[in-house]
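Understanding the architecture of this molecule
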Amino acid sequence: VCAIGTRVSGSEGMARQRELIVKHFESLGARVSIQEFKATQRSMNKPVDMANIVVSWHPSSRERIILCSHYDTRPRADQETDPKKRSAPFVSANDGGSGIALLMELGKSMKSMPLKVGVDFVFFDGEEFVFDPDDEYFFGSKHFAREARKNSQVVKYRAAVLLDMVGGK
């Protein structure tokens, strides 16, 4: 994932990463769906194409849990402790990358796991598409929540675990 480079929402790197994730989980036998949407950041005033990835295990189960992570990177390393590095491209090995890696590895065991509920791995886009301090966060998770509410007669989510920065010290 990190070899792709930055994976900012709407970028070529994000498209390559999405393709990698989809192929990985389809090869493991999961049902993969894409939630496409557009988001407009306050500081940009221009819509950007975004897409959440939903990887479903035991998709016929109405009762489900979610394991999720964002898969976008910040547009720049704005929280870097060295001010000289803040405008550098941000590869995001831990912030985003580690959650993706954990779910990709866990996916290798999911198909054969005897579960009483279905499990969805959700990869959120646009969670960190932030350029200015007044910008909005969490485009992907908000979109996912709106869609889940619309489908609450078909799918009932019981719990969710957000994986973020799981590869730190």
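For the structure given in this document, a descriptive report is provided here. The residue numbering used here restarts from 1 in each chain and proceeds along that chain's sequence as written. In view of the model being predicted, local features appear only for residues whose pLDDT reaches at least 70, and side-chain atom pairs are presented and counted only at 80 or more, with totals across whole chains, interfaces and linings using the full set of residues. For side-chain calculations, the full set of non-hydrogen atoms in the structure is used, while hydrogens and water are omitted.

As a further point, take the layout of surface pockets. Roughly 340 Å³ of volume is contained in the largest pocket. Every residue lining the largest pocket is counted, 18 residues in all, and those nearest its centre are Arg31, Asp120, Asn151, Val155 and Tyr157. Strands here are runs of E lasting at least two residues and helices are runs of H or I lasting at least four, both read from the DSSP assignment and numbered beginning at the N terminus. For the lining of the largest pocket, the elements supplying multiple residues, two or more each, are β1 (31-40), β2 (47-57) and α3 (139-150). For this scheme, ten residues count as nonpolar: Ala, Val, Leu, Ile, Met, Phe, Trp, Tyr, Cys and Pro. Four count as charged, namely Asp, Glu, Lys and Arg, and the remainder, Gly too, count as polar. Class assignment for the residues of the lining of the largest pocket results in seven nonpolar, six polar and five charged. Using only the protein atoms, space was sampled on a 1 Å grid; points where a 1.4 Å probe fits but cannot get out form cavities, open sets with protein on both sides within 12 Å along at least five of seven lines form pockets, and lining residues are those with an atom within 4 Å of a point. Grid points are joined across faces, edges and corners, and a volume is the space filled by probe spheres set on the points. What the second largest pocket holds in volume is close to 250 Å³. Taken together, 13 residues form the lining of the second largest pocket, with Gln79, Glu80, Phe90, Asp95 and Met165 sitting closest to its centre. Its residues assigned to classes, the lining of the second largest pocket shows four nonpolar, four polar and five charged.

Before going further, it helps to examine the state of the cysteines. For the purposes of this analysis, a disulfide is any pair of cysteine sulfur atoms at a distance within 2.5 Å. Following the criterion strictly, the structure yields zero disulfides and no others. Considering cysteine sulfurs only, Cys68 is the nearest to Cys2, which forms no disulfide, with 19 Å between them. Only protein chains enter the accessibility calculation, which uses a 1.4 Å probe; a residue is then buried when its area is under 20% of its type maximum, exposed when over 50%, and partly exposed in between. Since its relative accessible area comes to 33%, Cys2 is described here as partly exposed. Judged by its relative accessible area of 6%, Cys68 falls in the buried class.

What follows deals with the pairing of strand β3 (residues 63-70). Counting buried positions along β3 gives six out of eight residues, so the element sits mostly inside the fold. As defined by bridge partners, β3 adjoins strand β5 (residues 156-162) across six bridges and the pair is classed as parallel. Following the sheet pairing, Arg64 is matched in β5 by Tyr157. Pairs of strands are assigned from DSSP output, requiring at least two bridges between the strands. By the bridge criterion, seven bridges tie β3 to strand β4 (residues 118-124) in an arrangement that is parallel. Counterpart to Ile66 in the pairing with β4 is Asp120. Crossover connection from β3 via helix α2 (residues 97-110) to parallel β4: handedness right-handed. Seen with its strands pointing away from the viewer, a crossover is right-handed if its path from the first strand over the helix to the second goes clockwise.

Without other data, these values stay purely geometric and don't point to any function.
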